Every structure is written in structure tokens, then in C-alpha cells.
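What the coordinates show
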Amino acid sequence: EAGVAQSPRYKIIEKRQSVAFWCNPISGHATLYWYQQILGQGPKLLIQFQNNGVVDDSQLPKDRFSAERLKGVDSTLKIQPAKLEDSAVYLCASSLSRGETQYFGPGTRLLVL
Amino acid sequence: DAKTTQPPSMDCAEGRAANLPCNHSTISGNEYVYWYRQIHSQGPQYIIHGLKNNETNEMASLIITEDRKSSTLILPHATLRDTAVYYCIVRALNTGTASKLTFGTGTRLQVTL
């Protein structure tokens, strides 16, 4: 069974630029999560989707971050404009449904200069 | 905030059992104990979870005390590839926002020759 796929794996941008990350969850998983992991810390949930609807975006900095999951499968996370403090690893995870075990992708490492 | 307490680091000799403790003294009756690990530059990997009974799978064993206030993850024969940060997380059974994963800083396990 294929795992969670993410791209790109690495991205370097300058501050005030925009960037987008893509995630393809495990086939059949209805719930999708985006986490941010700053160096030396554990992952922090940014947003959770159930199919194509948002169920929790309380930790998402909505002035610059946006995410969508239009067809209930793939998802994109966008940052516009990026700040230096957005340098982190962005992890995507999926689960069969809410409350089930989450499985993580390899992450996208973002460096903002 | 994470609801668990773990030692920041531990060492283990290759081939020996690694016993990773976790304190979760405020755990509620509807909360599971989950363990994930994160190998350098990878996404978190699910290991095991349990409610009140001891659990075992191909990766590890989870021992939960009778009062459920602490648990121990056991890797029976640690190898160099088990070097990682291990996260202990308590998580509600329900499907609301309380079911999200809240990561702390984990235990950095170093397996040595």
C-alpha cells in the first residue's frame, strides 16, 4: 500500500515570496492533516480536513496560510507572503476517518531567506 | 500543550531492550496512549497505541500501568536503525478536535554499538 506522498521535498524561497506544497493521502483516507514542525520541536497541527471540508483550522495563520482539498483527495497548502519564521518542515498525514490512526508523509522542508 | 512527560534523551546498546517511559498522570478514561517515532529527516512513523491493556505488534510492546498514569514502550532488540525521537501522545477516542495529535518534544533515543 502506497504511503502519503508529498512534494516538493525541499524548497528555498526569499521572504515575501509565495510557496505551495502538495499532498496525496493514502487511498481511501477521508481525513487529511497538515502539520508544521519547527526545528527542535514536535509537529503542530495547522489544519484538518474531513473529505473536502475543514474541521479544524484553529492553529492556521489565516492571514498568510491557506489550504484546500477540493475533490476530497489531494490537498495543497499555500503560504503568501512567506516570513522568516515560516522556515520549518511541513508534514501531511492522513487517516481512514477522524479519530483513526494517522500516517505521515516524508514532509517538505522549507527554508525562507 | 502536550499532556505527557518524557525524558529528553536515552541511550541503549544495540541488541538490548530499549525501555522508553512516559508519564500521563492526567489521562482521561476515553484517551488512548499513542507512540510515534521520527527518524532524522523523515515524517513521524506510527508504532503502537493502547487504551488500558498491554499491546504488542511487530515493532514494539506497550505496557500501560493499571492506573493508566504512565506507560513504557519497549523495543525488544534495539538496532542502530531505531535511533530516533520517540513521541508519547494521549489522544481522545472521539472524533472531535480533541482527537488531534498533540506532540511534545519526545525522547531522543540513541542506539550505540
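Here's what I pulled together on the structure shown here. (Residues numbered from 1 in each chain as written. Chains lettered and ligands numbered in written order. Predicted model: local features only at pLDDT ≥ 70, side-chain atom pairs only at ≥ 80, totals over all residues. Heavy atoms only, no water.)

With respect to the overall build of chain B
On a plain count of helices and strands, chain B comes out with zero helices and nine strands. The order of α-helices and β-strands along chain B, N terminus first, is β-β-β-β-β-β-β-β-β. For 113 residues, the compact-globule formula gives about 13 Å, and the C-alpha radius of gyration of chain B, at 13 Å, lands near that figure. When the backbone C-alpha atoms are referred to their principal axes, chain B occupies close to 45 × 30 × 25 Å. For chain B, buried positions account for 42% of its 113 residues. Contacts in chain B between residues far apart in sequence, at least 24 positions, make up 57% of those at least 6 positions apart. For chain B, the separation between the mean place of its 10 positive charges and that of its 9 negative charges on side chains is 4 Å. (Helix = DSSP H or I, 4+ residues; strand = E, 2+ residues; numbered from the N terminus. Rg over C-alpha atoms; globule rule 2.2 N^0.38 Å. Buried < 20%, exposed > 50% of the residue type's maximum accessible area, 1.4 Å probe, protein only. Contact = heavy atoms within 4.5 Å. Lys, Arg positive; Asp, Glu negative; His and termini not counted. Charge placed at Lys NZ, Arg CZ, Asp CG, Glu CD.)

Some thoughts on unusual backbone geometry
Looking along the chain, the bond that leaves Ser7 of chain A and enters Pro8 of chain A is cis, with omega of -10°. Of note, Pro8 of chain A is situated in the loop between strand 1 (5-7) and strand 2 (10-13). Geometrically, the link from Gln80 of chain A to Pro81 of chain A is a cis peptide bond, its omega value of -5° lying close to zero. Within the element layout of this structure, Pro81 of chain A appears in the loop between strand 8 (75-79) and strand 9 (88-95). Phi is positive for Arg16 of chain A, which is not a glycine, with a value near 80°. Mapping Arg16 of chain A onto the fold places it in the loop between strand 2 and strand 3 (19-24). Unusually for a residue other than glycine, Arg68 of chain B sits at a positive phi of about 65°. Within the secondary structure, Arg68 of chain B is located in the loop between strand 6 (61-64) and strand 7 (70-75). Arg68 of chain B sits in the buried class, given a relative accessible area of 11%.

Section: the sheet that holds strand 6 of chain B
All names here are of chain B. If you walk across this open sheet you meet the four strands as 2-7-6-5, and the pairing is antiparallel. Two strands in the sheet have a free side with no partner beyond their single neighbour: strand 2 (18-23) and strand 5 (55-56). Sheet analysis places strand 6 next to strand 7, joined by four bridges and oriented antiparallel. The residue of strand 7 that forms the bridge with Leu62 is Leu73. (Pairing = 2+ DSSP bridges.)

Quick notes on the packing of aromatic side chains
In the structure shown here, the tally under the stated rule is 14 aromatic pairs over all chains. Taking the centre distance of 5.0 Å and the plane angle of 25° together, the rings of Phe21 of chain A and Tyr90 of chain A count as stacked. Separated by 69 residues along the polypeptide, Phe21 of chain A in strand 3 and Tyr90 of chain A in strand 9 bring together distant segments of the chain. An aromatic cluster is present here, built from Tyr33, Tyr35, Tyr103 and Phe104 of chain A together with Tyr32, Tyr34, Tyr36, Tyr46, Tyr87 and Phe103 of chain B joined pairwise through their rings. Positioned above the aromatic ring of Tyr34 of chain B, the side-chain terminus of Arg91 of chain B is 5.3 Å from the ring centre. (Phe/Tyr/Trp six-rings, centres within 6.5 Å; stacked < 30°, edge-to-face > 60°. Lys NZ or Arg CZ within 6 Å of the ring centre and 35° of its normal.)

What about the environment of Leu77 of chain A?
Residues and elements named next belong to chain A. Looking at the secondary structure, you find Leu77 in strand 8. The exposure class of Leu77 is buried, given its relative accessible area of 0%. Along the backbone, Leu77 and Ile12 are 65 residues apart, and their C-alpha atoms lie at a distance of 16 Å. Apart from residues lying up to four places away in sequence, Leu77 is in contact with Val19, Ala20, Phe21, Trp34, Leu46, Leu60, Phe65, Ser66, Ala67 and Tyr90.

A short note on the sheet that holds strand 8 (residues 84-92) of chain B
All names here are of chain B. Spatially, five strands are ordered 1-9-8-3-4 in an open sheet, and the strand pairing comes out mixed. The open sheet has two edge strands with one neighbour each: strand 1 (9-13) and strand 4 (45-50). Averaged over all pairs of adjacent strands, the angle between strand axes in this sheet comes to 25°, irrespective of strand direction. Pairing analysis gives three bridges linking strand 8 to strand 9 (residues 107-112), with the strands arranged antiparallel. Following the sheet pairing, Ala84 is matched in strand 9 by Leu109. (Axes fitted to C-alpha atoms, helices over the stretch in contact; angles between N-to-C directions.)

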